[in-house]
Amino acid sequence: TTAKEQNTTKGQQVTTASVTTKKENDTTKAVITEEPGAVYAAAEGTVKDIEASTDPTFANKVLGDGVVIFPEDGTVMAPCKATVSLVYPTGHAIGLTTADGAEILIHCGVDTVNMNGEGFETLVKEGQEVTAEEALIRFDIDLVKKHGYSPEILVIFTELPEGKTIKTEEKHIAKNDKMAEIV
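First things first, this report covers the structure right here in the doc. Being a predicted model, the structure only gives us computed values, none of them experimental.

Topic: a nonpolar patch on the surface
Link 1 in the chain: A contiguous nonpolar patch, built from L86, Y88 and V113 and spanning about 220 Å² of accessible area, is present on the exposed surface.
Link 2 in the chain: Examined against the element boundaries, Y88 turns out to sit in the loop between β8 (82-87) and β9 (93-97).

A short note on the pairing of strand β6 (residues 65-71)
Link 1 in the chain: Most of β6 is tucked away: six of the seven residues are buried.
Link 2 in the chain: Direction of pairing for strand β5 (residues 45-49) relative to β6: antiparallel, over a ladder of five bridges. Counterpart to V47 in the pairing with β6 is I69.
Link 3 in the chain: The pairing of β6 with strand β14 (residues 153-159) spans five bridges and is classified as antiparallel. Residue pairing for β14: D65 is matched across the bridge by F157.

A short note on the nonpolar core
Link 1 in the chain: I69, L96, L136, V155 and M179 are the most contacted members of the largest nonpolar core, which totals 36 residues.
Link 2 in the chain: Those elements that provide at least two residues to this core are β6, β8, β9, β10 (103-108), β13 (135-139), α2 (141-146), β14 and β17 (178-182).
Link 3 in the chain: Core analysis: the second largest hydrophobic core is formed by seven residues, F58, A93, L105 and L154 among them.

Describing the sheet that holds β6
Link 1 in the chain: The sheet built from eight strands is open, its strands ordered β12-β8-β9-β10-β14-β6-β5-β16 with antiparallel pairing. In this open sheet, the two strands that pair with only one neighbour each are β12 (129-130) and β16 (171-173).
Link 2 in the chain: Sheet analysis places β8 next to β9, joined by four bridges and oriented antiparallel. Bridge pairing in β9 links T83 to T97.

Scoring rules and cut-offs
Residues numbered from 1 in each chain as written. Predicted model: local features only at pLDDT ≥ 70, side-chain atom pairs only at ≥ 80, totals over all residues. Heavy atoms only, no water. Patch = residues over 30% accessible without salt bridge, like charges linked within 9 Å, V, L, I, M, F, W, Y side chains within 5 Å. Areas by Shrake-Rupley, 256 points an atom, 1.4 Å probe, with all protein chains shown as cover. Salt bridge = Lys/Arg side-chain N within 4 Å of Asp/Glu carboxyl O. Helix = DSSP H or I, 4+ residues; strand = E, 2+ residues; numbered from the N terminus. Buried < 20%, exposed > 50% of the residue type's maximum accessible area, 1.4 Å probe, protein only. Pairing = 2+ DSSP bridges. Core = buried A, V, L, I, M, F, W, Y, C linked by side-chain atoms within 4.5 Å.

Given below as C-alpha cells:
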C-alpha cells in the first residue's frame, strides 16, 4: 500500500511516500523533492535524447522534443506533478499537463498501438492528479518484443512554456533520479 502527503517548501514540491513491503511488513519512507524544471525517471533503464529513438517520427521530433528510455521493466511512472489529460484507449500512451502548461505525451513502445491493448494496464484515469514517480502504466516488455516491437518509452513534450527546451544526458536512471530538465 502507498500513502502520500504533500508539502510545499521554498518553492519546491515535496512528496513523501510510505511503502509497506511484502517481506517483513516494514514501512520505509521515500522523499522526492520536485525541483522546478526537473523531470524525473518515467521508468528504470537507460535514458537518451529522443533522437536515439528507433522510430523516425519520434527521433525527428515531429511530435516534440523529449527523451527515450530503454527500460529494464514495464512500470511507467509520472515524471513530474501533473494532471492526466489523456489515456489512450489501448493503454500504451498517456498525456499529462503540468501547472505551468507543459504538455507531455508518454508513449510505451514503437508501433504498440497495433497490439490493441494486449499486455498494457493503465493505472490512472483522465483528470487524476499525479506526482513524480507515481505509477501510470504497466506493460509486458517481453510480449512487446515477442510481437516484434521495440519496448522503448518516449517522453515527449508536445507543448513547453515559451522559450523553454529539454536538456538531458545519456545515463542509467532509477526511481527518483532526475532524467531531464526543462531549461
